[in-house]
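# Topology and contacts: notes
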Amino acid sequence: MDIDLITNILYAAIRTGTPLLLVALGEMICEKSGVLNLGQEGMMLLGAVAGFIAVYHTDSFMLGFVIAALSGVLASLIFAFVALNLNATQVATGLALTIFGTGLSAFIGSDYEGKTIEALPTIGFEILQNIPLIGKALFAQDAMVYFSWFMVIGCYIFFRAHRAGLAVRAAGENPDVGSNLGLPVMKIRYLAVMFGGAMAGLAGGYLSIAYTPLWTENMTAGKGWIALALVVFASWRIERVMLGAYLFGFASIMHLFAQGLGISISSNLLAILPYAATLIVLVVLSRNSEKLKLFEPVALGKPWHKTR
Amino acid sequence: MNNVKRLQMQGISKSYPGCKANDNISLEIGHGEIHALLGENGAGKSTLMKVLYGVVKPDQGVILFNGEAVEINQPADARALGIGMVFQHFSLFETLTVKENIELALGKQAGNSSTLAQRIRDISHKYQMPLDPNRRVATLSTGERQRVEIVRCLLLDIQLLILDEPTSVLTPQEVDALFITLKKLSDEGCSILFISHKLHEVAEICSAATILRGGKVSGHCNPKQQTPDAMARMMVGDGVEINHQTRRTYTHSAYLKVTNLSKAASSSFDIALNNISLTVNKGEILGIAGVAGNGQEALLKALSGETTDKTAQSIFIEQTCINALSPMQRRRMGVAFVPEERLGRGAVPEMDLAENALLTSFDFGLVNKGFLQWRKVVALTQNIIQKYKVKTPNTHTHAASLSGGNLQKFIIGREVEQQPKLLLMSHPTWGVDIGAQVAIHQAILDLRDKGCAVLVISEDLDELYKISDRLCAICDGQLSPILPTDDLALPQLGRWMAGDFMTEQQNREEAA
């Protein structure tokens, strides 16, 4: 294999991993606050279709991503109201949101099926992007890839150095105690769910506006589900979420290359590779149940309401 | 000192659906006064404190602080006034460090984050409560956790400190240390509201007391001049028998024998068991004292069969090694268990009482060729309810909807009615009111007198001294020597609970 090929594999691996990174980051914060939202897939699809339509009609990428994020937030608000205010089971509510999002996005997007837009342009940094092997992967990406790194750093600082990050962890560990101490647990959870919705919407938008760029029904192909698994097996740690997302990206690209090289394995079997590889690595990493306990939001998925 | 009271609460009422938690309660505390709030579980103490701390909104009533009417809508308001609270169930997050916990709870009131660690050290040093701000709370002992809560209050300019049953989780030595801190605070003019139901402690440090019963004030007194019996009478009302001396028995026919039981910790949240040896004789009660989190849980799991070991040979019932046997097999040998956790271990919350009775009693003629004999199950359940005075509408009430004390009476009744040969109990009367406590203790003693071997693990020393025939302490997964209860003085037991016997044993080994 020549250098160029490896350069391109790395470049593509990061692009492929980016939507997963975005949605997983959002879900991680949501889970840290104690809310399990299984609606990621649905919110991604809504973000994807809304973002695509916006860009198709206005040619504004900015507007496209804003619309994608907003549609994710709107969908997440439905979830938040049902699961947090009405205290419905979070698992069932999340599943319903995914089914709802899948159906609604297919309905809205049926007229746009097969249409294309110009992809989100890449932004290259002079000199840096010419570094061998990693230059293209790190310094010639599109704006959303840089944005995802910004969010990773932002979340990291948020949890390590800011009181609000502590408050989110507190709401996820023991909402009763948090509330007794005067933390606005409900507000924290709402904001966390909305953040998760925005990130899922952006992730969907990235797929339809930058990655493919086109809209097809059910185009997320289970990435929302992988993101959910990723968060758990990354034991709610940001650096591992990032690692897992790129691992998934890398394995996805390798399966395409393997097909291109004419390796005679069924393509269906190869298509399993990214999912299997990501899960296996993360499962091995998260074997230490003791460390897991330090980061696991204990109250995850349990309905909670303030007693007054 | 001026004549204005530090705190006056007037006519506080708060109702919850189906119960009046506080009914027209008034309370006054002076400057630097240590005031006791006495009452049984469910008397309304906690609700009143939550009202004062802004966690719960009262339906009616006025609060005057330093003579001025104040409205406390949230804990931050209370803290801004100089009211600090140490909760009974610590409001700490285990995965955060001491400093992070304090920062989170105090918010902006915590001040400059970079100097916070130093201020924590200074305060904890000043009041003789050493603390490392950077340790994770999960690694702290219960006593240390309480220090975090107190230091958190002291970091603010505090005028009134509320302590909700602060001594229930401490060793006697830790209690002494806490009292020194409290007296120092009181000398500095800080008022203290001390919530408890331990009368001798109240008599030791409090100069005034307000007593609650059934959501109402049932009396005021000066604990230093009042006998504990008179105070207890105000707490429980007439008609409940309080005092009685129990008869000790000494038997020598071993039933349960544990020799050198060791078990590695399964995680850093778990305690390793280290060479535990004990015997429980037929017809005696062995008590094991200890501060929570010193291996009680692991010991009980090993004895009940929740954790089994196929290779070890350390637990024997008469001559049979039972290390490898499941809880079911052990039950069939005549072992019964009353675990610490009532909901989830002792009973299934979503099942009704009859179903819960069936869960552990199905071997006692309730099943015929696999078919459930519901009539017999219900009859058994009704029998338990009547005999153990369980307050419940009927046998189809969900276990989760019973109060803690009632459910505990039911669980103990269920186990005792099986007439076990060995009964293992953890915290049998934790959170149970005095009336029910007396009934539970009597049931245990009756069972003992029929020849059952009983092992009781508890943090309540009064209880252990009352019912145990022999007594020992567990600390850090090791068991102290076992002595007849009457030969073991409280200070000695306290030192054992703090692990003193380990050095004693070492010295003896070195001397030998």
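Going by the structure above, here's the rest.
Definitions and limits used
- Residues numbered from 1 in each chain as written.
- Chains lettered and ligands numbered in written order.
- Predicted model: local features only at pLDDT ≥ 70, side-chain atom pairs only at ≥ 80, totals over all residues.
- Heavy atoms only, no water.
- Helix = DSSP H or I, 4+ residues; strand = E, 2+ residues; numbered from the N terminus.
- Contact = heavy atoms within 4.5 Å.
- Areas by Shrake-Rupley, 256 points an atom, 1.4 Å probe, with all protein chains shown as cover.
- Pairing = 2+ DSSP bridges.
- Axes fitted to C-alpha atoms, helices over the stretch in contact; angles between N-to-C directions.
- Phe/Tyr/Trp six-rings, centres within 6.5 Å; stacked < 30°, edge-to-face > 60°.
- Buried < 20%, exposed > 50% of the residue type's maximum accessible area, 1.4 Å probe, protein only.
- Lys NZ or Arg CZ within 6 Å of the ring centre and 35° of its normal.
- Buried area = accessible area lost by both parts, 1.4 Å probe.
- Salt bridge = Lys/Arg side-chain N within 4 Å of Asp/Glu carboxyl O.
- Polar contact = N/O pair within 3.5 Å; in protein donor to acceptor, adjacent residues only side chain to side chain.
- Nonpolar A, V, L, I, M, F, W, Y, C, P; charged D, E, K, R; others polar.
- Core = buried A, V, L, I, M, F, W, Y, C linked by side-chain atoms within 4.5 Å.
- Parallel < 35°, antiparallel > 145°, perpendicular 65-115°, else oblique.
- Left-handed = near helix turned anticlockwise from the far one by under 90°.
- Disulfide = S-S within 2.5 Å.
- Expected span 1.5 Å × (residues − 1).

## Brief notes about the overall build of chain B
Helix and strand counts for chain B stand at 17 helices and 23 strands. Dimensions of chain B along its principal axes, counting C-alpha atoms only, are 75 × 60 × 40 Å. Across chain B, the fraction of contacts at a sequence separation of at least 24, relative to all contacts at a separation of at least 6, is 66%. Carbon and sulfur atoms make up 50% of the accessible area of chain B, which totals about 22,100 Å².

## A short note on the sheet that holds strand β1 (residues 7-16) of chain B
Residues and elements named next belong to chain B. Pairing is antiparallel across the open sheet formed by four strands, whose spatial order is β2-β1-β4-β5. Edge positions in the open sheet fall to β2 (19-29) and β5 (68-70), since each of these has one partner strand only. Between one strand axis and the next, the sheet turns by 30° as a mean value, whatever way the strands run. The pairing of β1 with strand β4 (residues 60-65) spans five bridges and is antiparallel. Counterpart to Ser13 in the pairing with β4 is Gln60. Against the sheet, helix α1 (residues 45-52) touches β1, β2 and β4, its axis set at about 115° to β1.

## Observations concerning the packing of aromatic side chains
Tallied over the full model, the rule gives nine aromatic pairs over all chains. Between Tyr56(A) and Tyr112(A), the ring centres sit 5.6 Å apart and the planes meet at 85°, which makes this aromatic pair edge-to-face. Within this pair, whereas Tyr56(A) is found in helix α2 (residues 40-58), its partner Tyr112(A) is found in the loop between α4 (90-109) and α5 (135-139), the two being separated by 56 residues in sequence. Tyr56(A) gets classed as partly exposed once you look at its relative accessible area, which sits at 31%. For the ring pair Phe179(B) and Phe194(B), a centre distance of 5.9 Å and an interplane angle of 70° mean the geometry is edge-to-face. Of this pair, Phe179(B) sits in helix α6 (residues 172-187) while Phe194(B) is found in strand β8 (residues 191-196), placing the two residues 15 residues apart along the sequence. A relative accessible area of 2% means that Phe179(B) is categorised as buried. Through pairs of rings, three or more aromatic residues link up here, namely Phe125(A), Phe139(A), Tyr146(A) and Trp149(A). Above the face of the Tyr112(A) ring, Lys115(A) is positioned so that its terminal group lies 5.6 Å from the ring centre.

## Some words on the interface of chain A and chain B
Many analyses report the size of an interface as the accessible area lost when the parts associate. Between chain A and chain B, the contact holds 17 residues from the first and 28 residues from the second. Where chain A abuts chain B, roughly 2,100 Å² becomes buried across the two surfaces, and 60% of that area is made up of carbon and sulfur atoms. Taken together, the connections running from chain A to chain B amount to zero salt bridges. Remark: the boundary between chain A and chain B carries four residue pairs in polar contact (both at pLDDT 80 or more). Among the elements of the structure, α7 (163-173), α8 (175-180) and α13 (289-295) of chain A are those that each provide at least two residues to the side of chain A that touches chain B. Here the side of chain A that touches chain B gets six residues from one element, more than from any other, and that element is α7(A). For the side of chain A that touches chain B, the class distribution of residues is seven nonpolar, four polar and six charged.

## A closer look at the sheet that holds β8(B)
Residue and element names in this part refer to chain B. Across the sheet, six strands lie side by side as β6-β7-β8-β3-β9-β10; this open sheet has mixed pairing. Edge positions in the sheet fall to β6 (83-86) and β10 (216-221), since each has one partner strand and no second. Sheet twist, expressed as the average angle between the axes of neighbouring strands with direction ignored, equals 20°. Pairing between strand β9 (residues 208-213) and β10: five bridges, direction antiparallel. Looking at β10, one finds that Leu212 is bridged to Val217. The sheet strands contacting α6 are β3 (34-38), β7 (160-164) and β8, and the helix crosses β8 at an angle near 145°.

## Concerning the nonpolar core
By size, the foremost hydrophobic cluster in this structure holds 83 residues, and its most contacted members are Trp215(A) and Leu104(B). Element by element, the count of residues in this core is highest for helix α9 (residues 185-211) of chain A, at 14 residues. Those residues in contact with Leu104(B) that sit more than four places away from it in its chain are Arg163(A), Leu166(A), Ala167(A), Ala170(A), Leu183(A), Phe93(B) and Leu96(B). Of all hydrophobic cores here, the second largest spans 52 residues; its members include Leu116(B), Ile123(B), Cys221(B) and Ala232(B).

## Here we look at the packing of helix α11 (residues 238-260) of chain A against helix α12 (residues 267-285) of chain A
Residues and elements named next belong to chain A. α12 packs onto α11 with a crossing angle of 155° between their chain directions and a minimal axis gap of 9 Å. Taken together, α11 and α12 sit at an angle that is classed as roughly antiparallel. In this structure, the crossing between α11 and α12 has a hand that is right-handed. Within the contact between the two elements, α11 uses Arg240, Leu243, Gly244, Leu247, Phe248, Ala251, Ser252, His255, Ala258 and Gln259 and α12 uses Ser267, Leu270, Ala271, Leu273, Pro274, Tyr275, Ala277, Thr278, Val281, Leu282 and Leu285. Considered class by class, the residues forming the contact of α11 with α12 number 14 nonpolar, six polar and one charged.

## Points about the state of the cysteines
When the sulfur atoms of two cysteines share a covalent bond, that bond is a disulfide. Residue and element names in this part refer to chain B. For the structure shown, the criterion picks out zero disulfides over all chains. Here Cys190 is not cross-linked by a disulfide; its sulfur's nearest cysteine counterpart is in Cys153, at 9.1 Å. For Cys190, a relative accessible area of 4% gives the class buried. In this structure Cys472 is not part of a disulfide, and its nearest cysteine sulfur, from Cys475, lies 12 Å away. Residue class for Cys472 comes out buried when judged on its relative accessible area of 0%.

## Some words on α11(A)
For α11(A), built from 23 residues, the straight-helix expectation of 33 Å at 1.5 Å per residue is met to within 8% by its first-to-last C-alpha distance of 33 Å. At the C-terminal side of α11(A), Gly262(A) shows a positive phi close to 75°.

## Some words on the pairing of β4(B)
Residues and elements named next belong to chain B. Pairing geometry for β4 and β5, over three bridges, is antiparallel. Pairing of Phe65 across the sheet is with Glu68, part of β5. Between β4 and the antiparallel strand that follows it, β5, lie two residues; Asn66 among them carries a positive phi value of about 50°.

## Thoughts on the packing of α2(A) against α9(A)
All names here are of chain A. Running from N to C, α2 and α9 point in directions that differ by 55°, and their axes come no closer than 6 Å. Considering their axes alone, α2 and α9 lie oblique with respect to each other. In this structure, the crossing between α2 and α9 has a hand that is right-handed. When α2 is examined against α9, the residues Gln40, Met43, Met44, Gly47, Ala48, Gly51, Phe52 and Val55 are found in contact with a partner set consisting of Gly196, Gly197, Ala200, Gly201, Ala203, Gly204, Gly205, Leu207, Ser208 and Ile209. For the contact of α2 with α9, the residue count by class is nine nonpolar, nine polar and no charged.

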